[in-house]
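Coordinate inspection notes
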Amino acid sequence: ESQIPPNYSAIKINGKRAFALARKKVDFEIPKRAVKIFDFEILRVINDEIHFQITVSKGTYIRTLSETLAEFIGTIGTTKELRRIKINEISVKDAVSLDNLDSDNWLEEVKSIEDILMDFPTITPSEEEIRRLKTGQRITCRFEDIDFVMINNLSHKCIGFAQIKDKVIQPRIIF
């Protein structure tokens, strides 16, 4: 299955974000991208509304999928409400109500950055490279361009984020 993302998306077109080009009324095309639908269930149909639950691959635009579904059944449609209930292993079912948190137990419920961003691209520089990154210096690497990469220390704990461009790691946020 393939999908054309909306013009008001963060996808880069010739180095510029699509939403920025769309706001400036620049004419451009976003290429189709492969998406996967793992599970699709219609929960209920009420008048002219279809309520569904769907499990999809990274990069799938649900609002675009809603429009495609409407087109498939011979009408037009839009997304009225969208609720993300799971990302990787983090589920809304595991959420803790604010009413159940207090100054004594809140820390027990906090997930680590590494757990939340487990599929995020990461690098683990040497101690010397980390020292240099912490002072704002750039370091060379063998990696291809990545807009945002998590920097882990040798204990696999996140110490910040960087951009890799032209095989140079540029620190962006260091803790």
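Residues numbered from 1 in each chain as written. Predicted model: local features only at pLDDT ≥ 70, side-chain atom pairs only at ≥ 80, totals over all residues. Heavy atoms only, no water.

1. Thoughts on the overall build of the chain
Helix and strand counts for the chain stand at 5 helices and 13 strands. Since a compact globule built from 175 residues should have a radius of gyration of about 16 Å, the 21 Å found for the chain marks it as more spread out than a globular shape. Projected onto the principal axes, the alpha-carbon positions of the chain cover approximately 60 × 50 × 30 Å. Expressed as a percentage of the 175 residues in the chain, the buried residues total 25%. Put simply, 43% of the contacts in the chain that link residues at least 6 apart link residues at least 24 apart. Counting every atom, the chain has about 13,400 Å² of accessible surface; 50% of that belongs to carbon and sulfur. With 27 positive and 27 negative side-chain charges, the chain shows a separation of 8 Å between the mean positions of the two kinds. (Helix = DSSP H or I, 4+ residues; strand = E, 2+ residues; numbered from the N terminus. Rg over C-alpha atoms; globule rule 2.2 N^0.38 Å. Buried < 20%, exposed > 50% of the residue type's maximum accessible area, 1.4 Å probe, protein only. Contact = heavy atoms within 4.5 Å. Areas by Shrake-Rupley, 256 points an atom, 1.4 Å probe, with all protein chains shown as cover. Lys, Arg positive; Asp, Glu negative; His and termini not counted. Charge placed at Lys NZ, Arg CZ, Asp CG, Glu CD.)

2. Topic: the state of the cysteines
Per the counting criterion, the structure on display carries 0 disulfides. Cysteine Cys141 is unpaired, with the sulfur of Cys158 as its nearest cysteine sulfur at 17 Å. Cys141 gets classed as buried once you look at its relative accessible area, which sits at 17%. (Disulfide = S-S within 2.5 Å.)

3. Re the sheet that holds strand β13 (residues 168–174)
Spatial ordering of the open sheet is given by β9-β11-β12-β13-β10, a layout of 5 strands whose pairing is mixed. Only two strands of the sheet have a single partner each, and these edge strands are β9 (122–123) and β10 (139–140). As paired strands, strand β12 (residues 158–165) and β13 are joined by 6 bridges and run antiparallel to one another. When the sheet's bridge partners are listed, Gln163 is paired in β13 with Gln170. (Pairing = 2+ DSSP bridges.)

4. A short note on the packing of aromatic side chains
Applying the stated criterion to the full structure yields 5 aromatic pairs. For the ring pair Phe120 and Phe148, a centre distance of 6.5 Å and an interplane angle of 90° mean the geometry is edge-to-face. Here the residue Phe120 occupies a position in the loop between α4 (113–116) and β9, and Phe148 occupies one in strand β11 (residues 146–152), the gap between them amounting to 28 residues. Its relative accessible area of 24% is what places Phe120 among the partly exposed residues. Residue Phe148 is classed as partly exposed on the basis of its relative accessible area of 38%. Taken together, the ring pairs connect Phe120, Phe148, Phe161 and Phe175 into an aromatic cluster. (Phe/Tyr/Trp six-rings, centres within 6.5 Å; stacked < 30°, edge-to-face > 60°.)

5. Quick word on the side chain of Asn153
Topologically, Asn153 is positioned in the loop between β11 and β12. Within polar-contact distance, the side chain of Asn153 engages the backbone nitrogen of Ser155 at 2.9 Å. (Polar contact = N/O pair within 3.5 Å; in protein donor to acceptor, adjacent residues only side chain to side chain.)

6. Here's the deal with a nonpolar patch on the surface
Taken together, the side chains of Ile37, Phe40, Ile42, Val45, Ile50, Phe72 and Ile73 define a hydrophobic patch exposed on the protein surface, amounting to about 690 Å² of accessible area. At 4 residues, the largest contribution of residues to the nonpolar patch is made by strand β5 (residues 37–46). Checked against the element boundaries, Ile42 lands in strand β5. Residue Ile42 is classed as partly exposed on the basis of its relative accessible area, which comes to 47%. (Patch = residues over 30% accessible without salt bridge, like charges linked within 9 Å, V, L, I, M, F, W, Y side chains within 5 Å. Salt bridge = Lys/Arg side-chain N within 4 Å of Asp/Glu carboxyl O.)

7. Some points on unusual backbone geometry
A positive phi angle, near 55°, is found at Asp166, a position not held by glycine. In this fold, Asp166 is placed in the loop between β12 and β13. Classification of Asp166 as exposed rests on a relative accessible area of 58%. Of note in this structure, Lys167 is not a glycine but carries a positive phi near 60°. Of note, Lys167 is situated in the loop between β12 and β13.

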